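Commentary on secondary and tertiary structure
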Amino acid sequence: MKNKILTVLCILFGLMMINSGLNKFFNYMPMPEMSEEMMQIMGSFMAIKWIFPLVAIIEIIGGALIAIPKTRALGALVILPVMVGIIVHHLVHDLSGIGIALILFAINIWVIVANWNKYQPIIKIEKKESLKK
């Protein structure tokens, strides 16, 4: 049952990330009212021409990977830096949106914990042959 719930949440998470990434390219969702501070921040992001396309591509790729059960472990790692950025942004600049960000971050962490065994070969410390004797 827990696995089915995680699968549904991952599909929803993935679709939200894909939607967010595509919106950065096609601007089909209206932007909410922004404070003066947020307007300056968005202007700064727009001045760095490569940052939005990079984040959008990571969101699309990470969202697709996390929605597919076979690639979910990789997707969780790909999308993690974006999720950390979203959490920090909401903590520092826009506390009103922290709720959904924390829910998505919790799903991301749940996927990482659920797939921890798949990460073991990456972080496993090899003992040297001389130490084994």
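For the structure itself, look to the data block above.
Residues numbered from 1 in each chain as written. Predicted model: local features only at pLDDT ≥ 70, side-chain atom pairs only at ≥ 80, totals over all residues. Heavy atoms only, no water.

1. Structural notes on the overall build of the protein chain
Threshold: The numbering of helices and of strands both runs from the N terminus, where a helix is a DSSP run of H or I of at least 4 residues and a strand a run of E of at least 2. Exposure is judged per residue with a 1.4 Å probe applied to protein chains only, and the accessible area is read against the type maximum: over 50% gives exposed, under 20% gives buried, and values in between give partly exposed. In what follows, a contact means two residues having at least one pair of non-hydrogen atoms within 4.5 Å. To measure how exposed things are, a 1.4 Å probe is used in the Shrake-Rupley method; for residues, cover is taken only from the protein chains shown. In this tally, Lys and Arg are treated as positive and Asp and Glu as negative; His is ignored, and so are the chain termini. Here the site of a charge means atom NZ of a Lys, CZ of an Arg, CG of an Asp or CD of a Glu.
When you go through the protein chain residue by residue, the secondary structure sums to 7 helices and 0 strands. C-alpha extents for the protein chain along the principal axes are approximately 65 × 40 × 25 Å. Counting across all 133 residues of the protein chain, residues that qualify as buried make up 27%. The long-range fraction of contacts in the protein chain, counting pairs at least 24 apart against all pairs at least 6 apart in sequence, stands at 63%. Of the roughly 9,200 Å² of accessible surface on the protein chain, a fraction of 72% belongs to carbon and sulfur atoms. In the protein chain, which carries 12 positive and 7 negative side-chain charges, the distance between the mean positions of the two groups comes to 22 Å.

2. Here we look at the environment of Thr 7
Inclusion rule: Polar contact is defined as a pair of N or O atoms within 3.5 Å, subject to the rule that within protein one atom must be able to donate a hydrogen and the other to accept it, and that residues adjacent in sequence are counted only when both atoms are side-chain atoms.
Within the secondary structure, Thr 7 sits in helix α1 (residues 2–26). Taking C-alpha positions, Thr 7 is 9.2 Å from Ile 66, a pair spaced 59 residues apart along the chain. Of note is the side chain of Thr 7, whose polar atom sits 2.9 Å from the backbone oxygen of Asn 3.

3. So, the nonpolar core
Applicable threshold: Take the buried residues of types Ala, Val, Leu, Ile, Met, Phe, Trp, Tyr and Cys, join any two whose side-chain atoms come within 4.5 Å, and each joined set is a nonpolar core.
Among the nonpolar cores identified, the biggest contains 14 residues, and Phe 13, Ile 66 and Val 111 are the most heavily contacted of them. At the level of secondary structure, the elements contributing two or more residues to this core comprise α1, α4 (72–92) and α5 (98–114).

4. Regarding unusual backbone geometry
The residue Asn 27 is not glycine, and still its phi comes out positive at about 50°. Tracing the backbone through its elements, the reader meets Asn 27 in the loop between α1 and α2 (36–47).

5. Structural notes on the environment of Met 16
Following the sequence through the fold, Met 16 ends up in helix α1. Taking the C-alpha atoms as reference points, Met 16 and Ala 56, 40 residues apart in sequence, are found 12 Å from one another. Other than its neighbours up to four places away in sequence, Met 16 contacts Ile 100 and Leu 104.

6. Digging into the side chain of Glu 59
Summarising the element assignment, Glu 59 is placed in helix α3 (residues 51–67). By relative accessible area, which is 2% here, Glu 59 ends up buried. At 3.1 Å, the side chain of Glu 59 forms a polar contact with the side chain of Ser 20. With residues up to four places along the chain from it excluded, the contact list for Glu 59 reads Met 17, Ile 18, Ser 20, Gly 21, Lys 24, Ile 79 and Val 82.

7. Some details on the pattern of salt bridges
Pairs can form between side chains of opposite charge once their charged atoms are near each other. Just so we agree on the cut-off: For salt bridges, the criterion is a side-chain nitrogen of Lys or Arg within 4 Å of an Asp or Glu carboxyl oxygen.
Taken as a whole and assessed by the stated rule, the structure comprises 1 salt bridge. Between Lys 24 and Glu 59 there is a salt bridge, with the nearest N and O atoms lying 3.0 Å from each other. Of this pair, Lys 24 sits in helix α1 while Glu 59 sits in helix α3, and the two are 35 residues apart along the sequence.

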